[in-house]
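Results of the structural survey
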Amino acid sequence: MILGRRTDILATNRMARALFADFDARPPAERNYARWLLLDPEARALFADWELQARAAVESLRLEFGADPHDRATRNLVAELRTSSTEFPGWWDEHRVYQRTHGSKRLRHPVVGDLTVDYETLTLPGDPHSTVYVYTTEPGSSSHQALTLLASWTLTPPPNSNTHAP
């Protein structure tokens, strides 16, 4: 998954869409990680550690806001989250700022069950506002098995394959 300014979702691959949400199917204005995490009930249900992840998103957004406090799009997002999220105003007013470059997320996935994914972030040298998020699991773990199963379910058959039994 690639995030831009304000945690805008710039690109996802099939696994990011299967693991988190199909952001490509959402209207462009709703393709924002912090907005999704704080306002979508499915995101709240997906993360076993939702409060930890939501606070992290707020702290990352606060970091972005500090870099350019006059950015209109960031201000609009903060205003929307202030009025639409119960938790956001209190967390925002704490003024906590933190940039996470690695960590873990515990999920309660509706298809494959509980799993933990580790992530690393990579900032692109030519574009410091774009960050690639790479998610992995511990080889041989139940999380790895769940992610492998999810990957197999997201594959589409080749165009000329016979999907009917003889």
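Our structure's up above, just so we're on the same page.
Only a predicted model underlies this, so the values are computations on that prediction, with no experimental measurement involved. Counting restarts for each chain: residues are numbered from 1 in the order of the written sequence. Restriction of local features to residues with pLDDT of at least 70 applies here, the model being predicted, together with a cutoff of 80 or more for giving and counting side-chain atom pairs; totals for whole chains, interfaces and linings are based on all residues. Hydrogens and water molecules were not included; the side-chain quantities draw on all heavy atoms of the structure.

**Quick look at the sheet that holds strand E4 (residues 113-124)**
Remark on secondary structure: sheet strands pair via backbone hydrogen bonds, oriented parallel or antiparallel. Two strands pair under a simple rule: DSSP has to find at least two bridges between them. To qualify as a helix, a DSSP run of H or I must reach at least 4 residues; to qualify as a strand, a run of E must reach at least 2; elements of each kind are numbered from the N terminus. The 5 strands are arranged E2-E1-E5-E4-E3 in an open sheet whose pairing can be described as antiparallel. Every other strand in the sheet has two partners, leaving strand E2 (9-11) and strand E3 (102-109) as the edge strands with one partner each. Relative to strand E5 (residues 127-136), E4 runs antiparallel, the two sharing 7 bridges. Within the sheet, the bridge partner assigned to Leu 124 lies in E5 and is Asp 127.

**Looking at the pairing of E3**
As paired strands, E3 and E4 are joined by 8 bridges and run antiparallel to one another. Residue pairing across strands places Ser 104 opposite Asp 118, the latter belonging to E4. Connecting E3 to the next strand, E4, in antiparallel fashion are 3 residues.

**A word on the packing of aromatic side chains**
The aromatic pairing rule takes the rings of Phe, Tyr and Trp, using the six-membered ring of Trp, and pairs them if the centres are within 6.5 Å, calling planes under 30 degrees apart stacked, those over 60 edge-to-face and the rest tilted. Counted by the stated rule, this structure contains 12 aromatic pairs. Seen in terms of ring centroids, Phe 20 and Phe 47 are 6.1 Å apart; in terms of plane orientation they differ by 15 degrees. Their pairing is stacked. Pair noted here: Phe 20 is in the loop between helix H1 (14-19) and helix H2 (33-39) and Phe 47 is in the loop between helix H3 (41-46) and helix H4 (50-67), with a separation of 27 residues, a long-range link. For Phe 20, a relative accessible area of 8% corresponds to the buried category. Of note, Arg 44 hangs over the ring of Trp 50, and the distance from its end group to the ring centre comes to 3.8 Å. Of note, Arg 62 hangs over the ring of Trp 92, and the distance from its end group to the ring centre comes to 3.8 Å. Residue exposure (1.4 Å probe, protein chains only): buried if accessible area is under 20% of the type maximum, exposed if over 50%, otherwise partly exposed. Should the NZ of a Lys or the CZ of an Arg lie within 6 Å of a ring centre and within 35 degrees of the ring normal, that charge is described as sitting over the ring.

**Observations concerning the layout of surface pockets**
Here the largest pocket defines a volume of roughly 510 Å³. Buriedness of a pocket was judged along seven lines, with at least five required to meet protein on both sides within 12 Å; pockets are open sets of points on a 1 Å grid over the protein atoms alone, cavities are sets where a 1.4 Å probe fits but cannot get out, and lining residues have an atom within 4 Å of a point. Forming the walls of the largest pocket are 23 residues, and the residues nearest its centre are Thr 7, Ser 60, Gln 99, Thr 131 and Tyr 133. Put simply, the parts of the chain that give the lining of the largest pocket at least two residues each are H4, E4 and E5. Among the elements that take part in the lining of the largest pocket, H4 stands out by supplying 7 residues, more than any other. There is about 160 Å³ of room inside the second largest pocket. Every residue lining the second largest pocket is counted, 13 residues in all, and those nearest its centre are Phe 20, Glu 42, Ala 43, Leu 46 and Pro 110. Of all elements in the fold, only H1, H3 and E3 reach the threshold of two or more residues within the lining of the second largest pocket. Grid points are joined across faces, edges and corners, and a volume is the space filled by probe spheres set on the points.

**Notes on unusual backbone geometry**
We note that Arg 6 has phi near 60 degrees; this positive angle belongs to a residue other than glycine. Looking at Arg 6, the relative accessible area reads 14%, which means it is buried.

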